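# Coordinates in review
Listed below, chain by chain, are the residues.
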Amino acid sequence: MPSTRERLLDAAQHVVEDDGWTAVTMARIARLAGVSRQTVHNELGTKHALAQALALRELDRFLAIVRDRLRAADDVVEAVRSACEGALELGERSLLVRTIVTSVPSEQDGDLLSVLTTESGEIVEAASLVVRQELLDRFAPLPFDDDELVVAVEAVVRLVLSSITRPSKPAAVAAQEIAWILGLALEGRTATRAAAR
């Protein structure tokens with residue numbers, strides 16, 4: 001049986017997907033989940049904290065695909081391309097994400113969209129940590145030092161997030177371009193290290 005928190009997040013997601021973020025109220029979530037409004041506040045805090053919790057829960061779905069794709073490839077650039085494509089395709093299919101990114105700003109108070117854009121630090125950090133660890137587990141040694149790997153992975157994650165929130169190309173094309181950029185960085189770093197020997 002799902003926890004109270006999961007039931008509340010399910011209820012909130014249902015409201016967002018059906019009626020948009022402005023329709024989300026603590027009272028409505030409480031009614032849908034069959035709990036008191038105080039329980040909603042105790043579990044989730046503010047409406048902004050609810051937006052963060054929804055985004056982080058959705059991130060878990062994305063990261064499951066990213067992990068699988070990174071583990072399945074034999075080449076680091078292909079692994080990143082495949083992982084990016086999987087994440088971007090999920091972004092296209094996710095009703096929650098589509099609802100967030102297609103909201104007209106005047107129709108929503110910005111909490112949910114801002115969590116994915118201007119306040120995306122927690123999402124970027126969580127995703128970057130997973131991607132870095134998977135790359136190190138699967139493809140070490142990489143030609144980057146620790147600080148360089150942090151920068152490279154964060155750049156990839158931010159490009160994917162940007163492509164999800166403001167899609168302008170098919171997932172396969174965007175993923176190929178992101179992987180190409182990483183490939184250039186890997187080649188450049190490998191060449192620099194070889195020249196230094």
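Nothing here was measured: the structure is a model prediction, and the numbers come from that model.

## A few points about the overall build of the protein chain
Along the protein chain, the regular secondary structure elements total 10 helices and zero strands. Going from N to C terminus, the protein chain has its helices and strands arranged as α-α-α-α-α-α-α-α-α-α. Judged by the C-alpha coordinates and their principal axes, the protein chain covers about 65 × 30 × 25 Å. Expressed as a percentage of the 197 residues in the protein chain, the buried residues total 44%. Across the protein chain, the fraction of contacts at a sequence separation of at least 24, relative to all contacts at a separation of at least 6, is 71%. Total accessible area on the protein chain is roughly 10,300 Å²; 54% of this is exposed by carbon and sulfur atoms.

## Concerning unusual backbone geometry
Residue Pro-141 is reached from Ala-140 by a cis peptide bond, and omega for that bond is 0 degrees. Looking at where Pro-141 falls in the secondary structure, it is placed in the loop between helix H8 (121–139) and helix H9 (146–165).

## Focus on the confidence of the model for the protein chain
Predicted coordinates in areas of low pLDDT are best not read in detail. Per-residue confidence for the protein chain gives a mean pLDDT of 91; residues scoring 70 or more make up 96%. Ranking the elements of the protein chain by mean pLDDT puts helix H7 (residues 111–116) last, at 77, and helix H5 (residues 76–93) first, at 97.

## So, the side chain of Ser-120
Here Ser-120 lies in the loop between H7 and H8. Residue Ser-120 is classed as buried on the basis of its relative accessible area, which comes to 5%. Filtering out sequence-adjacent residues up to four positions away, Ser-120 remains in contact with Ser-114, Val-115, Arg-158 and Leu-161.

## Quick notes on the packing of aromatic side chains
Scanning the entire structure with this criterion turns up zero aromatic pairs. Over the aromatic face of Trp-21 sits the side chain of Lys-47, whose NZ or CZ is 4.9 Å from the ring centroid.

## Focus: empty space enclosed by the protein
Inspection of the entire model under this criterion finds three cavities of 30 Å³ or more. In this structure, the largest cavity is lined by 23 residues; those nearest its centre are Leu-59, Phe-62, Ala-87, Val-160 and Ile-164. Residue assignment for the lining of the largest cavity shows that the elements contributing at least two residues are helix H4 (47–72), H5, helix H6 (95–101), H8 and H9. In terms of residue count, the dominant contributor to the lining of the largest cavity is H4 (seven residues).

## Some remarks on the nonpolar core
Ranked by size, the top nonpolar core spans 65 residues in total, and within it Trp-21, Ile-29, Leu-50, Leu-54, Leu-70, Leu-112 and Leu-135 carry the most contacts. The element best represented in this core is H4, accounting for 10 residues. Excluding its chain neighbours within four sequence positions, the residues that come into contact with Leu-54 are Leu-9, Ala-12, Gln-13, Val-16, Trp-21, Leu-96 and Leu-112.

## What about the layout of surface pockets?
If a probe the size of a water molecule is rolled over the atoms, the empty space left behind becomes visible. If you add up the space inside the largest pocket, you get close to 310 Å³. Around the largest pocket sit 20 residues that line it, and Ser-163, Ile-164, Pro-167, Ser-168 and Ala-174 are the ones nearest its centre. Among the secondary structure elements, those contributing two or more residues to the lining of the largest pocket are H5, H6, H9 and helix H10 (171–196). For the lining of the largest pocket, the element with the highest residue contribution is H10, accounting for five residues. Across the lining of the largest pocket, the residue classes break down as 10 nonpolar, five polar and five charged.

## Some points on a nonpolar patch on the surface
Taken together, the side chains of Leu-159, Trp-180, Ile-181 and Leu-184 define a hydrophobic patch exposed on the protein surface, amounting to about 390 Å² of accessible area. Sort the elements by how many residues they give to the nonpolar patch and H10 lands first, with three residues.

Cut-offs used in this document
Residues numbered from 1 in each chain as written. Predicted model: local features only at pLDDT ≥ 70, side-chain atom pairs only at ≥ 80, totals over all residues. Heavy atoms only, no water. Helix = DSSP H or I, 4+ residues; strand = E, 2+ residues; numbered from the N terminus. Buried < 20%, exposed > 50% of the residue type's maximum accessible area, 1.4 Å probe, protein only. Contact = heavy atoms within 4.5 Å. Areas by Shrake-Rupley, 256 points an atom, 1.4 Å probe, with all protein chains shown as cover. pLDDT = per-residue confidence, 0-100. Phe/Tyr/Trp six-rings, centres within 6.5 Å; stacked < 30°, edge-to-face > 60°. Lys NZ or Arg CZ within 6 Å of the ring centre and 35° of its normal. 1 Å grid on protein atoms, 1.4 Å probe; cavity = no way out; pocket = protein on both sides within 12 Å on 5 of 7 lines; lining within 4 Å. Points joined across faces, edges and corners; volume = space filled by probe spheres on them. Core = buried A, V, L, I, M, F, W, Y, C linked by side-chain atoms within 4.5 Å. Nonpolar A, V, L, I, M, F, W, Y, C, P; charged D, E, K, R; others polar. Patch = residues over 30% accessible without salt bridge, like charges linked within 9 Å, V, L, I, M, F, W, Y side chains within 5 Å. Salt bridge = Lys/Arg side-chain N within 4 Å of Asp/Glu carboxyl O.

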